[in-house]
Amino acid sequence: MRGTANVALSAIKVLLLAAFMLGINPLLRERVADIGVQPALLVFLAVWVLAGVALLALAFLAGPLARTCWSVLLFCAATMHLAHVGITGRPLGLLDFEQLLGLAGFAGNLAGFHAGPILSAMAWSLLGVVAINMPPFLLRDHPSHGWRKWTRYAPGVLQCVPVLAIATVVHARGGEGSNGMPGQYTAPAFAFVLGLEQAAAPPPEPRRAVTLAAEGLASPLRHIALVVDESVHGGFLDLNSDRGVDTGLRSASGTVSNFGIASSIANCSTTSNAGLRFGIGRDDYLRDLQRHPSIWQYARRAGYRTVYIDAQRHGGRLQNLMTPEEARDIDAFVQLDSATPVDQRDIQAGQRLREALSRTEPSFILVNKMGCHFPYEGKYPARQAPHSPTMARTYFGNEGDPDIALARIDGDRERMLNSYRNCLQWNTRQFFDQVLPSLPLDDVLIVYTADHGQNFHEPGEPHRQTHCTIGPADPDEGTVPLATITGHPGLAVQLAQAAKRNHGRASQFSLHPTLLWLMGFPRHQLTTDRGFEPDLLSPLDADGQRFLSTFFVRFGRAPVWNSIRPDASQASGSAMSASASVGTDAGTDAGTDAATR
Ligand SMILES: [Zn+2]
């Protein structure tokens, strides 16, 4: 009687375990079809067999301690994985995992915004915990001596085998290859790989001091401001399109030099902004990020007071890879009150910039505008909607980017575009209306650009992220505006000529040396052999309009560069074809998916 009950319970347990495995890996069938019949499929299936055996051993043979510990670990890993699938449509990868670790502080926001997929992921994962911990347990009494006593640890230790197998694939594939692997074991594998990498990493290079010479204020400019907008696609502005939204910059036409559509440094806020502040070059950008002096250090050396206006965060929270060490070189750190509504933040940021530009003391000012990070609704007043119909106004928080890197788009494309245009118009027009009217521009220069563009995907496209795509990215993600505003007679002429020559050819990599020159550092010292990119006055080649998508590369992988010119993206460099050619073994990376679309 007891035997029959045990068999029935065992059958239920096995069924629940199978449901758990399949439930948390909804992309498995798609992935197997993707790989097709080839040797790589054997590696893939072997990992799955290992995972199945390990899970059965844990559920039927492990002692209470191993069961409890691994239940907790597998619950967390499976939830992370499945929630990521639910939110982004992609399995959790190494870079996603690392990004999520970095976002741990925003977990509350993430959870609130994506409650549905997260709850559903927790429910499936809980099913696994129940299955593992329900009777029967086919434990045998372990002999207390000899080698056999060690067998009691086997089921627990066995869990490390699929983890190590996935970690090996991920390491061999330069951080990729985990797509479609059993999701309950991928996060521990990522943690293992990252831990190893951390342990083996050489100590970071110390940041260098400014070595360029500057004596006193050599620049004729009293104030230099770099205004970095948020998620602004350059093609949506009146600067670059007759149908573009009214930015308020056309009325300042005599002083504006428009470089047209430019390419951003990267397709994500963090990397683009950090790249701008540390003047990274194209050749060795990861080391540049570590060792270059910050723009604040250059500005101070040139005799400027440094001002940072961050319209996005509050309470001293640092963002975009800024460390307390970097912030020590900022003389005035301005953030807005946390209660400031998101549709008022750029107005207030404009007022703060105006105040800074009105001081007699020379200053370098960096502004991170509120701009138009998804969700767009709430970032302009409901009555200020020249474009309609719009998306439903469902978000009313005061966080600029509550979903941070996981920005994705859903629903009606036309409504979304209308919401985006309304947001752009409100936040650029209002900002410049605070800054520009009757401002003497003779000794003031403002550079206007954005951290990255925005991809609105044609209907039916599978990838739904608006930016921050890892792997080859759509040109729209790196398409940004670039214009300068100054009334200084000599500089205005020089910049107008440069803008004419380089219209539609510029890249944000040219901004850093241009700013240093404007600060008064001798232009002949800002040469390529000293590690500087060509500035905006140099003859630029449109082929250089490329942005980074896979930024933090490792294990010898090449970064992914993307042209912002759709016609050039087919042949946009070796990195793209390289990532496509390695996508043939056990795991397709995001790169191959995108390269083939
Ligand atoms: Zn951004």
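Let me sum up the structure you'll find in this document. (Residues numbered from 1 in each chain as written. Predicted model: local features only at pLDDT ≥ 70, side-chain atom pairs only at ≥ 80, totals over all residues. Heavy atoms only, no water.)

**Description of the overall build of the protein chain**
Along the protein chain, the regular secondary structure elements total 21 helices and 9 strands. Classification of the 597 residues of the protein chain by burial places 56% in the buried group. Contacts spanning at least 24 positions in sequence make up 78% of the contacts within the protein chain whose residues lie at least 6 apart. (Helix = DSSP H or I, 4+ residues; strand = E, 2+ residues; numbered from the N terminus. Buried < 20%, exposed > 50% of the residue type's maximum accessible area, 1.4 Å probe, protein only. Contact = heavy atoms within 4.5 Å.)

**Overview of empty space enclosed by the protein**
Tallying each qualifying case throughout the model produces 8 cavities of 30 Å³ or more. Its boundaries defined by the atoms lining it, the second largest cavity holds a volume of some 50 Å³. In terms of lining, the second largest cavity is formed by Asn 25, Pro 26, Leu 27, Leu 28, His 81, Val 85, Pro 91, Gly 180 and Met 181. Grouping the constituent residues of the lining of the second largest cavity by class yields 6 nonpolar, 3 polar and no charged. (1 Å grid on protein atoms, 1.4 Å probe; cavity = no way out; pocket = protein on both sides within 12 Å on 5 of 7 lines; lining within 4 Å. Points joined across faces, edges and corners; volume = space filled by probe spheres on them. Nonpolar A, V, L, I, M, F, W, Y, C, P; charged D, E, K, R; others polar.)

**Quick look at the nonpolar core**
General note: in soluble globular proteins, nonpolar side chains tend to be found buried as a group. Ile 224, Leu 353, Phe 364, Ile 365, Ile 446, Leu 516 and Met 519 are the most contacted members of the largest nonpolar core, which totals 102 residues. The element contributing the most residues to this core is helix 16 (residues 413-435), with 9 residues. Once residues within four sequence positions are removed from consideration, Leu 516 is found in contact with Leu 212, Ile 295, Tyr 298, Phe 521, Leu 526 and Phe 532. Formed by 43 residues, the second largest nonpolar core is a distinct cluster that contains Leu 28, Ala 40, Ala 62 and Leu 94. (Core = buried A, V, L, I, M, F, W, Y, C linked by side-chain atoms within 4.5 Å.)

**A word on the coordination of the zinc ion**
Note on metal geometry: ideal angles are 109.5 degrees for four donors arranged tetrahedrally and 90 or 180 degrees for six donors arranged octahedrally. The protein atoms donating to the zinc ion are Glu 230 (OE), Ser 269 (OG), Asp 451 (OD) and His 452 (NE2), with metal-donor distances spanning 1.9 to 2.1 Å. Note that the zinc ion binds 4 donor atoms; their angles at the metal cover 97 to 125°, and the shape is tetrahedral. Spacing between the donor residues of the zinc ion along their common chain follows E-x38-S-x181-D-H. Of this pair, Glu 230 sits in the loop between strand 1 (223-229) and strand 2 (256-263) while Asp 451 is found in the loop between strand 6 (444-450) and strand 7 (479-486), placing the two residues 221 residues apart along the sequence. The exposure class of Glu 230 is buried, given its relative accessible area of 2%. (Donors = N, O, S within 2.8 Å, 3.2 Å for Na, K, Ca; no water. Tetrahedral: all angles 85-135°; square planar, octahedral: opposite > 155°, others 65-115°.)

**Considerations on a nonpolar patch on the surface**
A cluster of nonpolar side chains, namely Val 49, Leu 50, Val 53, Leu 158 and Val 161, defines an oily patch on the protein surface of about 360 Å² accessible area. The element contributing the most residues to the nonpolar patch is helix 3 (residues 39-61), with 3 residues. Inspection of the secondary structure puts Val 161 in helix 9 (residues 160-172). (Patch = residues over 30% accessible without salt bridge, like charges linked within 9 Å, V, L, I, M, F, W, Y side chains within 5 Å. Areas by Shrake-Rupley, 256 points an atom, 1.4 Å probe, with all protein chains shown as cover. Salt bridge = Lys/Arg side-chain N within 4 Å of Asp/Glu carboxyl O.)

**Concerning the sheet that holds strand 2**
Spatial strand order, 2-7-6-1-5-3-4: 7 strands in an open sheet with mixed pairing. For this open sheet the edge positions go to strand 2 and strand 4 (332-335), each flanked by a neighbour on one side alone. On average, each strand axis in the sheet is tilted by 10° relative to the strand beside it, whichever way the strands run. As paired strands, strand 3 (residues 305-310) and strand 4 are joined by 4 bridges and run parallel to one another. Residue Tyr 308 lies in a different strand from strand 4, and its bridge partner there is Phe 333. Along the sheet, helix 17 (residues 489-501) makes contact with strand 2, strand 6 and strand 7, crossing strand 2 at roughly 35°. (Pairing = 2+ DSSP bridges. Axes fitted to C-alpha atoms, helices over the stretch in contact; angles between N-to-C directions.)

**Some details on the pattern of salt bridges**
Within the structure shown, the criterion is met by 20 salt bridges. Residue Asp 288 pairs with Arg 291 through a salt bridge whose shortest N-O separation is 3.2 Å. Of this pair, Asp 288 and Arg 291 are both found in helix 12 (residues 285-291), 3 residues apart, which corresponds to roughly one turn of the helix. Notably, a salt bridge pairs Asp 329 with Arg 300, separated by 3.1 Å at the nearest N-O pair. Within this pair, whereas Asp 329 is found in the loop between helix 14 (324-327) and strand 4, its partner Arg 300 is found in helix 13 (residues 295-301), the two being separated by 29 residues in sequence. Members of the salt-bridge network, linked through shared partners, are Glu 205, Asp 284, Arg 287, Asp 288 and Arg 291.

**Re the packing of aromatic side chains**
Here the structure, examined in full by the defined rule, presents 17 aromatic pairs. Taking 5.1 Å as the distance between ring centres and 85° as the angle between the ring planes, the aromatic pair formed by Phe 431 and Phe 432 counts as edge-to-face. Neither residue differs from the other here; Phe 431 and Phe 432 are each classed as buried. In this structure an aromatic cluster arises from ring pairing among Phe 236, Phe 374, Tyr 376, Tyr 420 and Phe 456. One Lys or Arg, Lys 13, reaches over the ring of Phe 60 and ends 4.8 Å from the middle of that ring. (Phe/Tyr/Trp six-rings, centres within 6.5 Å; stacked < 30°, edge-to-face > 60°. Lys NZ or Arg CZ within 6 Å of the ring centre and 35° of its normal.)

**Quick word on the state of the cysteines**
The full count for this structure, using the stated rule, is 2 disulfides. A disulfide bridge connects Cys 268 with Cys 468, and the sulfur atoms are separated by 1.8 Å. One disulfide, between Cys 268 and Cys 468, carries an S-S torsion of 100° and so falls in the right-handed class. Of this pair, Cys 268 sits in the loop between strand 2 and helix 11 (269-277) while Cys 468 sits in the loop between strand 6 and strand 7; the two residues are 200 residues apart in sequence, bridging distant segments of the chain. Each sulfur in the disulfide pair Cys 372 and Cys 423 lies 2.1 Å from the other. Between Cys 372 and Cys 423 the disulfide shows an S-S torsion of about -105°. By sign, it is left-handed. Taken together, the positions of Cys 372 in the loop between strand 5 (363-368) and helix 16 and Cys 423 in helix 16 put the pair 51 residues apart, joining distant regions of the chain. In the protein chain, the bonded cysteines, numbered by position in the sequence, are linked as 1-4, 2-3. (Disulfide = S-S within 2.5 Å.)

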